[in-house]
Amino acid sequence: MSLKIAIQGAKASFHEEAAFKFFGREVEIVECDSFKKTCELLKQRKVDYIVMAIENSIAGSLLPNYNLLRDYKFHITGEVYLNIQQNLMVLPGVKLKDIKHIESHPIAIRQCEEFLSELEGVRITEGSDTAATAKMIAERKLTDTAAIAGTLAAEIYGLEILEKRIETNKKNATRFLVLSNEVVEHKNANKASLSFQTGNTVGSLATILQCFAEQNINLSKIQSMPVIGKRNEYDFFVDVEWKKQTDYEAAIRKVLKHSVNFNIMGEYVKNEKLY
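If you're wondering where the values come from, they're calculated on a predicted model, not measured in any experiment. (Residues numbered from 1 in each chain as written. Predicted model: local features only at pLDDT ≥ 70, side-chain atom pairs only at ≥ 80, totals over all residues. Heavy atoms only, no water.)

**A short note on the overall build of the protein chain**
For the protein chain, the helix and strand inventory stands at nine helices and 15 strands. Against the globule reference of 19 Å for 275 residues, the protein chain gives a C-alpha radius of gyration of 21 Å, in line with a compact fold. Considered along the principal axes of its C-alpha atoms, the protein chain spans approximately 65 × 45 × 35 Å. Out of the 275 residues belonging to the protein chain, those deemed buried represent 50%. Contacts spanning at least 24 positions in sequence make up 75% of the contacts within the protein chain whose residues lie at least 6 apart. When the accessible area of the protein chain is evaluated, it comes to approximately 14100 Å², of which 49% is carbon and sulfur surface. Of the side chains in the protein chain, 36 bear a positive and 36 a negative charge, and the two mean positions are spaced by 3 Å. (Helix = DSSP H or I, 4+ residues; strand = E, 2+ residues; numbered from the N terminus. Rg over C-alpha atoms; globule rule 2.2 N^0.38 Å. Buried < 20%, exposed > 50% of the residue type's maximum accessible area, 1.4 Å probe, protein only. Contact = heavy atoms within 4.5 Å. Areas by Shrake-Rupley, 256 points an atom, 1.4 Å probe, with all protein chains shown as cover. Lys, Arg positive; Asp, Glu negative; His and termini not counted. Charge placed at Lys NZ, Arg CZ, Asp CG, Glu CD.)

As structure tokens, then:
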């Protein structure tokens, strides 16, 4: 029986590409219309894993997804990086001059602002998903509409790529997390995602960061989120990397003495290979 992987969006989306990169293509992709829906399916054990975007090198962190990580308390078992390449695609035979409307996910639109700004008389609309727009064009036979999406969407929905690589920043990348109900142990783990709170006193966060520095632990990401209903209190989400497991363990022991509600969200193998 193949693994069931929940993603936000339609098949051929970047989420599906990320799932294929991590698990291979012999998996069952379960499409969901929201990230919350993916979490509900995993909570109910109707799927085995979620692949969830967490940050983009241009658009930044997906803050609502940090809220989901906090609320559902799933375990992070891995990460995937994708080099996001956006393409303008249409029904076969449609020309650039025929396009009156372009639709895609708001982040994809933002990633292609330079290209889109050069078009005249074209209405730009934000949609729910890159691949979903490609699917809509194919199903409705829209000859005046183009989608912005990845090459997989063009392949699956039979569209023609009119303009390749229209993203403004060619080094645009998205990081995805792989989430599960159970802890998955990795013998060669060298990265962890942690969350904690600090006291509301001068230098409290700096003290914790110093604990990592003293043990040669690299802090590769830090994100703060307000604690719901509590003024001036924050959850801190951090990603740390290490070369020696003993250094990491020593840092954790130190941090525990200076933090509140400390949680190891996941320990996994660092993976930032792009394709």
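**Let's talk about the sheet that holds strand E13 (residues 218–226)**
Reading across from one edge, E13-E14-E12-E15 is the order of the four strands in this open sheet, with antiparallel pairing throughout. Looking at which strands have only one partner, the edges of the open sheet turn out to be E13 and strand E15 (260–268). In this sheet, neighbouring strand axes are inclined to one another by 15° on average, regardless of whether the strands run parallel or antiparallel. Of the strand pairs in this sheet, E13 and strand E14 (residues 234–241) are connected by eight bridges, and their pairing is antiparallel. Residue pairing across strands places glutamine 223 opposite phenylalanine 237, the latter belonging to E14. Docked against the sheet, helix H9 (residues 245–256) engages strand E12 (191–197), E14 and E15, running at close to 160° with respect to E15. (Pairing = 2+ DSSP bridges. Axes fitted to C-alpha atoms, helices over the stretch in contact; angles between N-to-C directions.)

**Side note on helix H6 (residues 130–140)**
Taken residue by residue, H6 has Thr130, Ala131, Thr133, Ala134, Met136, Ile137 and Ala138 as its buried positions. The inward-facing, buried residues of H6 abut helix H1 (14–23), strand E6 (87–90), strand E7 (101–104), helix H4 (106–111), strand E9 (145–149) and helix H7 (151–157). Regarding H6, its N-cap is aspartate 129, as a side-chain oxygen of that residue lies 3.1 Å from the backbone nitrogen of alanine 131 further along. Just downstream of H6 lies lysine 141, where phi reads positive at about 55°. (Polar contact = N/O pair within 3.5 Å; in protein donor to acceptor, adjacent residues only side chain to side chain.)

**Considering unusual backbone geometry**
Although it is not a glycine, alanine 12 adopts a positive phi angle of roughly 80°. For alanine 12, the location among the structural elements is in the loop between strand E1 (4–8) and H1. Classification of alanine 12 as buried rests on a relative accessible area of 2%. Positive phi is not limited to glycine here, since arginine 45 has a value of about 60°. Note that arginine 45 resides in the loop between helix H2 (35–43) and strand E3 (49–56). Residue arginine 45 is classed as exposed on the basis of its relative accessible area, which comes to 55%.

**Section: the packing of helix H8 (residues 204–214) against H9**
At a closest axis distance of 8 Å, the pairing of H8 and H9 adopts a crossing angle of 160°. As summarised for this structure, H8 and H9 are arranged roughly antiparallel, according to the angle between their axes. Between H8 and H9 the crossing geometry is right-handed. On the side of H8, the interface is formed by Ile208, Cys211, Phe212 and Glu214, while H9 contributes Ala251, Lys254 and Val255. Taken together, the residues of the contact of H8 with H9 break down into five nonpolar, no polar and two charged. (Parallel < 35°, antiparallel > 145°, perpendicular 65-115°, else oblique. Left-handed = near helix turned anticlockwise from the far one by under 90°. Nonpolar A, V, L, I, M, F, W, Y, C, P; charged D, E, K, R; others polar.)

**A short note on empty space enclosed by the protein**
Scanning all chains against the criterion turns up one cavity of 30 Å³ or more. One number sums up the size of the largest cavity: a volume of about 70 Å³. If you trace the largest cavity, you find 13 residues lining it, with Tyr66, Leu69, Ser193, Phe237 and Asp239 closest to the centre. At the level of secondary structure, the elements contributing two or more residues to the lining of the largest cavity comprise helix H3 (63–72), strand E11 (173–180), E12 and E14. No other element matches E14, which puts three residues into the lining of the largest cavity. The residue inventory of the lining of the largest cavity, partitioned by class, reads nine nonpolar, one polar and three charged. (1 Å grid on protein atoms, 1.4 Å probe; cavity = no way out; pocket = protein on both sides within 12 Å on 5 of 7 lines; lining within 4 Å. Points joined across faces, edges and corners; volume = space filled by probe spheres on them.)

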